[in-house]
Amino acid sequence: MKLLVGVGVACVLMLGVVVWQVWGLWSSHAATPGNVAADPRVGRGLSDGLPRPAGGSAATDAVPAAPEAGQAFADASVHWPEDPKQADALRRLDAARAALRDDPDHERALRDELAALAELNRWPEAAQTLARLRRLRPDDLDVDFDYAAVLLRLHRSVEAITLLNEVVARQPEHARAWFNLAVAHQSLGHLAEARRAWDQAITLKPTLPAYAQRGTVLLDLHEWEAAATDFETVLKQQPDAADATLNLSRALWKSGRSDQARERLRALLERHPEHIPALNRLAEMAWDAYQASPAGNAALRDEALDCWRRSLRADATQSEIQARLAEAQAPSP
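J.: Would you take a moment to explain the overall build of the protein for this structure?
T.: Counting secondary structure elements, the protein contains 14 helices and zero strands. Order of helices (α) and strands (β) in the protein, N terminus to C terminus: α-α-α-α-α-α-α-α-α-α-α-α-α-α. Residues counted as buried form 47% of the 333 residues belonging to the protein. For the protein, contacts bridging at least 24 residues in sequence account for 57% of all contacts bridging at least 6.

Here it is in structure tokens:
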């Protein structure tokens, strides 16, 4: 039972994608043509950072709700959302689109529109705006990078890979592009390509998310020692990272260091006694070690049974764990 790190790698990352975030594109003051300020951290590109997970605290769709049956609005005016930032983004979006009605190719108005859509998390519309910007600026790598980031948010990884390959071919030192290229390949199960892209991203700009995600690729490639090294790197700076501990325990177990793997999990459970994945992983490892050598290892059997029981006390709906516990408790033939 392998627990992958992070923001959910189902084929891994796209299910909560770990991309350099399309967020805070430009400043949040009123967006009128000619009134665009670039984020000072990244020039004209999108700002750095990780995306909010799906269902998180990101701003919701700002269209006012329709009245219920028998209810009428107090007046016919526009009802802006109560969130001041969201309301401001909607006003700037309206201003940008008003300018675009007069001049559909007004670049600064398109950028204002994009900034507002990013703040509102309206990514399908943002993709359309970026496609128009690409037609206006076909050689602009920043626009290509931004467009690929939005495509990743929309789970359009194949298209994103095409764009990102162009970016890194023309600008091999673009660390964020390598990061997103690794995300895209990993989401599609392209393990060799993802590993190569993570290697480049880490060489150019080592970050904990990059180490953690490369580690999950290395687990899938069965490169246990290399995976363990990546998760150790994460845990040196984030010693309480449960996902990294779980993945490290798997790497250690598969590389023949099962005692160290169990010790890591026991330490995690001391801090988080009801951590179900850690309980199940430790039970699995202890039971595996007991079955390999039952004589003199009753303590391992007891540890496995205890962990499974604790796991079921925390969540009694785990049918697989119920079956494992029942099998383990059955009298030997």
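J.: Honestly, the packing of aromatic side chains in this entry has me stumped. Any pointers?
T.: Think of a pair of aromatic rings as described by two things: how far the centres are apart, and how the planes are tilted against each other in angle. Applying the stated rule across the entire model yields three aromatic pairs. Ring geometry for W287 and W308: centres 6.0 Å apart, planes at 55°, overall tilted. Taken together, the residues span a long stretch of sequence, with W287 in helix α12 (residues 276–292) and W308 in helix α13 (residues 298–314) at a distance of 21 residues. Residue W287 is classed as buried on the basis of its relative accessible area of 11%.

J.: Could you clarify how one ought to interpret the nonpolar core in this entry?
T.: It is characteristic of soluble globular proteins that their nonpolar side chains tend to be buried jointly. Within the largest apolar cluster, 86 residues are counted, with the highest numbers of intra-cluster contacts made by L130, Y147, L181, W198 and W308. A total of nine residues in this core trace back to one element, the largest contributor, which is α12. The contacts of Y147, once residues within four sequence positions are left out, are A127, L130, A131, R134, R156 and L163.

J.: It is not clear to me how helix α7 (residues 191–204) should be interpreted in this structure. Could you clarify?
T.: Residues that lie three or four places apart on an α-helix share one face, since the helix turns once every 3.6 residues. Taking 1.5 Å as the rise per residue, α7 with 14 residues should run 20 Å; its terminal C-alpha atoms sit 20 Å apart, in good agreement. All buried positions along α7 are accounted for by A194, A197, W198, A201 and I202. Buried residues of α7, viewed axially, fall in a sector of 135°; they line one side. Residues of α7 that are exposed and point more than 90 degrees away from the buried face comprise A192, R196 and T203. Where α7 is buried, its residues touch α6 (175–187) and α8 (208–220).

J.: Help me understand the confidence of the model for the protein, please; the structure alone is not making it clear to me.
T.: The predicted coordinates ought not to be read in detail in places where the model reports low pLDDT. The pLDDT averaged across the protein works out to 81; a share of 75% of its residues lies at or above 70. Scored below 50 in pLDDT, residues 1–18 shows 64 contacts in the model against residues more than four places distant or in partner chains. Note that pLDDT drops below 50 for residues 21–77; the model gives that stretch 112 contacts with residues more than four away or on any other chain.

J.: Help me understand helix α14 (residues 319–329), please; the structure alone is not making it clear to me.
T.: Buried residues of α14: I321, L325 and A328, and no others. Each buried residue of α14 lies within a common arc of 65° when the element is viewed along its axis, so the set occupies one face. Opposite the buried face of α14, at more than 90 degrees from it, the exposed residues are S319 and E327.

J.: Help me understand unusual backbone geometry, please; the structure alone is not making it clear to me.
T.: Trans is the common state for peptide bonds, and a negative phi is the common state for residues other than glycine. A positive phi angle, near 60°, is found at N121, a position not held by glycine. If you check the backbone angles, H222 has positive phi at about 65° while not being a glycine.

J.: Help me out: how do you make sense of the packing of helix α11 (residues 258–271) against α13 in this one?
T.: In a pair of packed helices, the angle between the axes and the distance between the axes together describe the arrangement. Contact geometry of α11 with α13 gives a least axis separation of 14 Å together with a crossing angle of 40°. What the angle tells us is that α11 and α13 run oblique. Pair α11 / α13 crosses with left-handed handedness. Between α11 and α13, the contacting residues are R262, R266 and L269 on the first element and L300, E303 and R310 on the second.

J.: Got a minute to help me understand the pattern of salt bridges in this structure?
T.: Any two side chains of opposite charge can pair, so long as their charged atoms come close to each other. Inspection of the entire model under this criterion finds 23 salt bridges. Ionic pairing is found between D199 and R214, a salt bridge with its closest N-O pair at 2.8 Å. Residue D199 is found in helix α7, and its partner R214 is found in helix α8; the two are separated by 15 residues along the sequence. When the shortest N-O distance is used, the salt bridge between R214 and D230 registers 2.8 Å.

J.: Looking at this structure, I do not really get the environment of H222. What am I missing?
T.: For H222, the location among the structural elements is in the loop between α8 and α9 (224–237). A residue is classified by how much of its surface remains accessible, and H222, at 54% relative accessible area, is exposed. The spacing of H222 and S255 is 33 residues in sequence and 9.2 Å in space, taken between C-alpha atoms.

J.: Honestly, the packing of helix α2 (residues 107–119) against helix α3 (residues 123–136) in this entry has me stumped. Any pointers?
T.: In contact at an axis separation of 9 Å, α2 and α3 are set at 155° when each is read in the N-to-C sense. It follows from the interaxial angle that α2 and α3 lie roughly antiparallel. The two elements α2 and α3 meet at a crossing, and its hand is left-handed. Of the residues in α3, those touching α2 at E107, L110, R111, E113, L114, L117 and A118 are W123, E125, A126, T129, L130, R132, L133 and L136. Classifying every residue of the contact of α2 with α3 gives nine nonpolar, one polar and five charged.

J.: Would you explain the environment of A194 in this entry?
T.: Take A194: it is sitting in helix α7. Residues A194 and N180, spaced 14 residues apart in sequence, show a C-alpha to C-alpha distance of 9.8 Å.

Cut-off values and rules
- In this convention, every chain numbers its residues from 1, walking through the sequence in written order.
- Reporting of local features is limited, given that this is a predicted model, to residues whose pLDDT is at least 70; pairs of side-chain atoms are given and counted only at 80 or more, and all residues count toward the totals for whole chains, interfaces and linings.
- Side-chain numbers come from the whole structure's heavy atoms, not from hydrogens or water.
- Secondary structure elements follow DSSP: runs of H or I of four or more residues count as helices, runs of E of two or more count as strands, with numbering from the N terminus.
- The cut-offs for exposure are 20% and 50% of the maximum accessible area for each residue type, with area from a 1.4 Å probe on protein chains only; residues under the lower value are buried, those over the upper are exposed, and the others partly exposed.
- The contact rule is simple, with two residues in contact once any of their heavy atoms fall within 4.5 Å.
- Side-chain rings of Phe, Tyr and Trp (the six-membered ring for Trp) are treated as a pair once their centres are within 6.5 Å; stacked means planes under 30 degrees apart, edge-to-face means over 60, and tilted covers the remaining angles.
- Residues belong to one nonpolar core when they are buried, are Ala, Val, Leu, Ile, Met, Phe, Trp, Tyr or Cys, and are joined through side-chain atoms within 4.5 Å.
- For a helix, the expected span equals 1.5 Å multiplied by the number of residues minus one.
- Here the arc refers to the directions that run from the helix axis out to each C-beta atom.
- Confidence scores here are pLDDT values: one per residue, from the predictor, ranging 0 to 100.
- Axis definition: a line fitted to C-alpha atoms, over the contacting stretch in the case of helices. Angles run 0 to 180 degrees between N-to-C directions.
- The scheme is simple: roughly parallel for angles under 35 degrees, roughly antiparallel for over 145, roughly perpendicular for 65 to 115, oblique for anything else.
- Put simply, a crossing is left-handed when the front helix is turned counterclockwise from the back one by less than a right angle, and right-handed when it is turned clockwise.
- Salt bridges, as used here, are contacts in which a Lys or Arg side-chain nitrogen is within 4 Å of a carboxyl oxygen on Asp or Glu.
- In this count, Pro and Cys sit with the nonpolar residues alongside Ala, Val, Leu, Ile, Met, Phe, Trp and Tyr, while Asp, Glu, Lys and Arg are called charged and the others, Gly among them, polar.

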